[in-house]
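Chain residues, written in single-letter form:
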Amino acid sequence: DCVAKIVDLREQINAEIDRFIDYKQEAREIISVCEAECITLISKRYFQFKTWESIAVDMNFTYQWVSGGLHQKSLSQVQKALDEREVKSNE
């Protein structure tokens, strides 16, 4: 009985991992239409899990610009890409 539960849990975990990999690929496709510096920021923050301070140093920008202005610009570009994608899927 325990072995069957372990096998079921393993299958569930593998299915979730596959789903998360698909989500990550979809996210990469969405951000691919953004400007280069926005792609860099999004990748470092949301895929590599770097801090704002680390990203600022890596990109040679101030903390304030990275965590505020550039982040907002990046999110706006992602939202625009999502909106365009939704319009295309509804056509």
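Residues numbered from 1 in each chain as written. Predicted model: local features only at pLDDT ≥ 70, side-chain atom pairs only at ≥ 80, totals over all residues. Heavy atoms only, no water.

Caption draft 1: Representation of the packing of helix H2 (residues 36–47) against helix H3 (residues 52–59). It is at 10 Å that the axes of H2 and H3 come closest, and there the two elements cross at 140°. As for the relative orientation of H2 and H3, their crossing is right-handed in sense. Within the contact between the two elements, H2 uses Glu37, Thr40, Leu41, Lys44 and Arg45 and H3 uses Trp52, Ile55, Asp58 and Met59. Looking at the contact of H2 with H3, its residues break down into four nonpolar, one polar and four charged. (Axes fitted to C-alpha atoms, helices over the stretch in contact; angles between N-to-C directions. Helix = DSSP H or I, 4+ residues; strand = E, 2+ residues; numbered from the N terminus. Left-handed = near helix turned anticlockwise from the far one by under 90°. Contact = heavy atoms within 4.5 Å. Nonpolar A, V, L, I, M, F, W, Y, C, P; charged D, E, K, R; others polar.)

Caption draft 2: Region of interest: the side chain of glutamine 77. Position of glutamine 77 among the secondary structure elements: in helix H4 (residues 63–90). Given the relative accessible area of 16%, glutamine 77 is considered buried. Once residues lying within four places of it in the same chain are set aside, the contact partners of glutamine 77 are Cys34, Glu35 and Cys38. (Buried < 20%, exposed > 50% of the residue type's maximum accessible area, 1.4 Å probe, protein only.)

Caption draft 3: Fine view of the environment of alanine 4. Mapped onto the elements of the fold, alanine 4 is located in helix H1 (residues 2–31). On a C-alpha basis, the gap between alanine 4 and lysine 73 in space is 50 Å, while along the polypeptide they are 69 residues apart.

Caption draft 4: Region of interest: the packing of aromatic side chains. For the structure on display, the rule yields one aromatic pair. When the centroid spacing of 6.3 Å and the interplanar angle of 65° are considered together, the rings of phenylalanine 20 and tyrosine 23 count as edge-to-face. With a gap of three residues between them, phenylalanine 20 and tyrosine 23 both fall in helix H1, about one helical turn apart. Look at tyrosine 23 and you get partly exposed, because its relative accessible area is 46%. If you follow arginine 19 out to its NZ or CZ, it ends over the ring of phenylalanine 20, 5.9 Å from the centre. (Phe/Tyr/Trp six-rings, centres within 6.5 Å; stacked < 30°, edge-to-face > 60°. Lys NZ or Arg CZ within 6 Å of the ring centre and 35° of its normal.)

Caption draft 5: Region of interest: the packing of H3 against H4. Contact pair H3 / H4: the axes reach a minimum separation of 8 Å and the direction vectors enclose 95°. Comparing their axes, H4 and H3 come out roughly perpendicular. Touching Trp52, Glu53, Ile55, Ala56 and Met59 of H3 are Tyr63, Val66, Ser67, Leu70 and His71, all from H4. Class assignment of the residues belonging to the contact of H3 with H4 gives a composition of seven nonpolar, two polar and one charged. (Parallel < 35°, antiparallel > 145°, perpendicular 65-115°, else oblique.)

Caption draft 6: Main features of H4. Taking 1.5 Å of rise per residue, 28 residues should cover 40 Å, and H4 covers 39 Å from first to last C-alpha, within 8% of that figure. Bending of H4 peaks at approximately 35° at the position of histidine 71. Of all the residues in H4, the buried ones are Val66, Leu70, His71, Ser74, Gln77, Val78 and Ala81. Summarising the contacts, the buried residues of H4 are in contact with H1, H2 and H3. (Expected span 1.5 Å × (residues − 1). Bend = angle between axes of the 7 residues up to and from the residue.)

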